[in-house]
Amino acid sequence: MKSSAPEACAGCAARGAALVRLGDSFDRADHVVALAGNPNTGKSTVFNALTGLRQHTGNWPGKTVARAEGGFSFAQRRYKLVDLPGTYSLLSTSSDEEIARDFLLFGRPDVTVIVVDASRLERNLNLVLQVLEITRRAVICLNLMDEAERRGLAVDPRRLARDLGVPVVPTVARRRQGIGELLAAIDEVATGRTVGQPHRLENLPAALERAVQRLGAELEARFPRLANARWVALRLLEGDARIQDAVRSGELGELEGAAALLPRWSGATP
Amino acid sequence: MSAAAASDRVLGLAASLRLEVGGNIHDSLVEALYTEAAWIADRSVTREGQPARFDLDRAIDRLVTSRWLGFPLMIALLAGVFWLTISGANVPSRLLAQALIDGGHAWLKSAAAQLAVPHWIDGLLIDGAYLTTAWVVSVMLPPMAIFFPLFTLLEDFGYLPRVAFNLDGLFRRAGAHGKQALTMSMGYGCNAAGVIATRIIDSPRERLIAILTNNFALCNGRWPTQFLIATVFIGALAPPAFAGLVSAGAVVGIAVLGIGLTFASSWVLSRTALRGEASAYSLELPPYRPPRILQTIYTSLIDRTIIVLGRAVLFALPAGVVIWLLANVSLGGTSLAAHIIDGLQPFGLLIGLNGVILLAYIIAIPANEIVIPTVLMLTVLSAGLTGVGPGPGVMFELEGLDDTAALLQAGGWTVLTALNLMLFSLVHNPCSTTIYTIWRETGSVKWTAVAAIFPVLLGLLLCAATTVIWRWLAL
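What counts as what
- Residues numbered from 1 in each chain as written.
- Chains lettered and ligands numbered in written order.
- Predicted model: local features only at pLDDT ≥ 70, side-chain atom pairs only at ≥ 80, totals over all residues.
- Heavy atoms only, no water.
- Helix = DSSP H or I, 4+ residues; strand = E, 2+ residues; numbered from the N terminus.
- Buried < 20%, exposed > 50% of the residue type's maximum accessible area, 1.4 Å probe, protein only.
- Areas by Shrake-Rupley, 256 points an atom, 1.4 Å probe, with all protein chains shown as cover.
- Axes fitted to C-alpha atoms, helices over the stretch in contact; angles between N-to-C directions.
- Parallel < 35°, antiparallel > 145°, perpendicular 65-115°, else oblique.
- Left-handed = near helix turned anticlockwise from the far one by under 90°.
- Nonpolar A, V, L, I, M, F, W, Y, C, P; charged D, E, K, R; others polar.
- Expected span 1.5 Å × (residues − 1).
- Contact = heavy atoms within 4.5 Å.
- Salt bridge = Lys/Arg side-chain N within 4 Å of Asp/Glu carboxyl O.
- Polar contact = N/O pair within 3.5 Å; in protein donor to acceptor, adjacent residues only side chain to side chain.
- Patch = residues over 30% accessible without salt bridge, like charges linked within 9 Å, V, L, I, M, F, W, Y side chains within 5 Å.
- Pairing = 2+ DSSP bridges.
- Phe/Tyr/Trp six-rings, centres within 6.5 Å; stacked < 30°, edge-to-face > 60°.
- Lys NZ or Arg CZ within 6 Å of the ring centre and 35° of its normal.

Undergrad: I would appreciate a short explanation of the overall build of chain A in the present structure.
TA: When helices and strands are tallied, chain A shows twelve helices and eight strands. A burial count over chain A gives 62% of its 270 residues as buried. Entry remark: accessible area of chain A is about 10100 Å², with carbon and sulfur atoms responsible for 48%.

Encoded structure:
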């Protein structure tokens, strides 16, 4: 594995920002980045490209069953990267979806990178829209651009970025294309230089929308630090037991940020 | 207002609003998600020109998941991989054996003699630990270095989900989860990994079935045994030109029997101790991706081959010491090993194995990889052969496969013994690592015990049945 960041980067200050893969050393991370996405979109490939680890990649869904963690440093900041299990949604209660959902909601990563299969954009957007309800600090990694091209599809990343309200970076992670741009986008969001205005669901029935707003306001009053009252309100209206517990125990409002929570989550895989 | 009261207020409001909104909130949410996903995707994706008239992915899928060709193709692919492994591993295995055993061992012995090292230290370290390790490396490294990259290439290409697709119906009829096909495939690499992979199965009942039956997927510790015995005994029955194919066929037969046993035991379990319905799930057939050949070979060598080999060596070192001690510590003029083998011999012969094989399996509980070296060494010892092999407790490489066959036949081996060894290698207790993993994943001593003991009994039964039928047919 590579040596630790400060020494390794001493000589590259002139270049401003360079990727230093830290493999499995990620103590004292400045920022926590979560990697979410549908199964089989190349999350683990992106993970490996960023950390230099060799998390096994395979062309079959459900390969990453537990969370994998790794580190990298970029522009003199140390990042901890968490590879979540691939899921199609965050709404059901299967254990892999729960791991992903809980980490996004309670782990509060500084940046969430959503890896998206460019050749199956519509289906992948379901998850993207759900994640954007939870966090505004997101970056879309529009992966498998080569495959989309092979299937005669042209995806316009800028149009997509405008519609989703968060940065969109086209990549071919297997060939390490676009990884530099992805890093820059992660860095911009992590440091707050880019603030997303994520798309929020507009097509909820009017009665439901009103209920969400009312409950959301109540939640914000109870938990002033809550960043995604709207999503929590939706889950409560649906009767999600895990979220109800978090409200009851006050867990929802106590979290300062991802870093404070990490030790608790290290043993949380099923 | 206290925090708890405020929380209760929020929950109370949620409950009353839920009633007020009415209808199915989940469906409304999902509908909104789909509508907006479709709308956004539509705006940023353009389809260039005519869609390709010939879709290669679908053409391949139609072939490999076809009702009639799916299974034959799967078996042919398996046989092809085995054949490449068997025929490709022979030469490098011999070269490694020459270097490590003929060369390395002789050199170490003469060095020890010059330094006047005491007999027992020299025996324990060089004849015991070093030779066992050298054996494991020369027998295991070549087949693994061929088998794993080939298997990983198939995996990267996207073939595994198709296997799962083909087997799904059978698993469901057996009352198990279709994803068990994937965990079974992982088991072909390593059962411990296969057991961990069962985490992708949500239902605890189906997950337990997948864990208990994973042992029937031949792991890499057992492939070398299968390859060697099939080559020496089964392949030898055929004319030389077909020997490779026939041996590969025999290994395929054992692997397919393993799949059959997986189904059978899943079926029995889901109708007895683990009763229940199979749960539905959706399996996406991912697009085929041209594998990145060099990268795949590199990572599968590093990730799988080296790690597995490292583990084998780790277990081979102490096992070598144990074997040497058993062979050299005497009780009443006969070595411990001979005593144990004599004790196990009647039972072994009764079920078509022999005392040597049973003792080898006891010594090899930590790692299946060292079964064959142990068997060969114990055979020399117990048959009291002279002129073959360097001495008691010393493992050695024979010049060629013919010599291996000659040695085993001198030790009383027949084709029946070989067949039973292949069967027993498929059906016996999981290695200690897998047993530990099962305990960690299930958290249950009871199920761990079942997973460990049940296969041994089944294996002994299977060998006994084969022997009875074989003798009845008087082959």
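Undergrad: Where do I start with the packing of helix α4 (residues 70-114) of chain B against helix α5 (residues 119-157) of chain B in this structure?
TA: Two packed helices can be described by the angle between their axes and the distance between those axes. Residues and elements named next belong to chain B. For the pair α4 and α5, interaxial distance at closest approach is 8 Å and the crossing angle is 155 degrees. By the criterion of interaxial angle, the relationship of α4 to α5 is roughly antiparallel. Of the two possible hands of crossing, α4 and α5 adopt the one that is right-handed. Taken together, the residues that form the contact of α4 with α5 break down as 26 nonpolar, six polar and three charged.

Undergrad: Where do I start with helix α10 (residues 223-234) of chain B in this structure?
TA: Within an α-helix, residues lying three or four positions from one another point in the same direction, as the helix has 3.6 residues per turn. Its twelve residues give α10 of chain B an end-to-end C-alpha distance of 15 Å, which sits within 8% of 16 Å, the value for a rise of 1.5 Å per residue. In terms of burial, α10 of chain B is largely enclosed, as twelve of its twelve residues are buried.

Undergrad: Would you explain the interface of chain B and chain A in this entry?
TA: Note: interface size is frequently given as the accessible area lost on complex formation between the parts. Taken together, the 59 residues of chain B in the interface contact 66 residues of chain A. Here chain B is connected to chain A by two salt bridges. One salt bridge connects Asp163 of chain A with Arg43 of chain B, and the closest N-O pair in it is separated by 2.7 Å. Inspection of the region where chain B meets chain A yields 13 residue pairs in polar contact (both at pLDDT 80 or more). Elements with a minimum of two residues in the side of chain B that touches chain A: α1 (3-21), α2 (25-44), β1 (45-47), α5, α6 (160-173), α7 (180-189), α8 (191-197) and α12 (293-328) of chain B.

Undergrad: In this structure, what is going on with a nonpolar patch on the surface? I would like to understand it.
TA: Residues and elements named next belong to chain B. A cluster of nonpolar side chains, contributed by Trp83, Leu84, Phe242, Leu245 and Val246, occupies part of the molecular surface with about 460 Å² of accessible area. Broken down by secondary-structure element, the contributors of at least two residues to the nonpolar patch are α4 and α11 (240-271). With three residues, the single largest contributor to the nonpolar patch is α11. Within the secondary structure, Leu245 is located in helix α11.

Undergrad: How should I be thinking about the packing of helix α8 (residues 206-222) of chain A against α1 of chain B in this particular structure?
TA: Relative to each other, α8 of chain A and α1 of chain B sit at 180 degrees, their axes nearing to 10 Å. When the interaxial angle is binned, α8 of chain A and α1 of chain B end up roughly antiparallel. Of the residues in α1 of chain B, those touching α8 of chain A at Ala207, Leu208, Ala211, Arg214, Leu215, Glu218, Leu219 and Arg222 of chain A are Ala3, Ala6, Ser7, Arg9, Val10, Leu13, Ala14, Leu17 and Val21 of chain B. Looking at side-chain class alone, the contact of α8 of chain A with α1 of chain B contains twelve nonpolar, one polar and four charged residues.

Undergrad: Please explain the pairing of strand β4 (residues 77-83) of chain A as it appears in this structure.
TA: Sheet faces and side chains relate simply in a regular strand, where the side chains alternate between the two faces. Residues and elements named next belong to chain A. The buried fraction of β4 amounts to six of the seven residues, a majority that puts the element mostly inside the structure. When strand β2 (residues 31-37) meets β4, the two strands line up parallel, connected through five bridges. In the strand pairing of β4, Ala34 is matched with Val82. Alignment of strand β3 (residues 68-74) against β4, held across seven bridges, turns out to be antiparallel. Across the sheet, the residue bridging to Gly71 is Lys80, located in β4. Hairpin connection of β3 to β4: two residues between the antiparallel strands, including Ala75 at a positive phi of 50 degrees.

Undergrad: Is there a simple way to think about the pattern of salt bridges in this case?
TA: All names here are of chain A. What the rule picks out here adds up to 22 salt bridges over all chains. With a closest N to O distance of 3.2 Å, Glu69 and Lys80 form a salt bridge. Taken as a pair, Glu69 in strand β3 and Lys80 in strand β4 lie far apart in primary sequence, eleven residues in all. For Lys80, a relative accessible area of 9% gives the class buried.

Undergrad: Would you explain the environment of Ala406 of chain B in this entry?
TA: Its location among the elements puts Ala406 of chain B in helix α16 (residues 401-410). We classify Ala406 of chain B as partly exposed; its relative accessible area is 43%.

Undergrad: I keep staring at the packing of aromatic side chains and nothing clicks. Help me out?
TA: Note on aromatic pairs: each is described by the distance of the centres and the angle between the planes. Residues and elements named next belong to chain B. On inspection of all chains with the given rule, the structure shows nine aromatic pairs over all chains. Relative to Phe424, the ring of Tyr361 lies with its centre 5.0 Å away and its plane at 85 degrees, an arrangement referred to as edge-to-face. A residue pair is termed long-range when its members are at least 10 positions apart, and Tyr361 in helix α14 (residues 355-363) and Phe424 in helix α17 (residues 415-426) qualify at 63 residues. Overall, Tyr361 belongs to the buried group, its relative accessible area being 7%. Look at Phe424 and you get buried, because its relative accessible area is 4%. Taken together, the ring pairs connect Phe82, Trp223 and Phe227 into an aromatic cluster. Positioned above the aromatic ring of Tyr288, the side-chain terminus of Arg162 is 4.0 Å from the ring centre.

Undergrad: What am I meant to see in the pairing of strand β6 (residues 138-143) of chain A here?
TA: All names here are of chain A. A large share of β6 lies buried, amounting to six of its six residues. Of the two faces of β6, the one carrying Ala138, Ile140 and Leu142 and the one carrying Val139, Cys141 and Asn143 are both buried. Here strand β5 (residues 111-117) runs beside β6; their pairing, made up of six bridges, is parallel. Counterpart to Val113 in the pairing with β6 is Val139.

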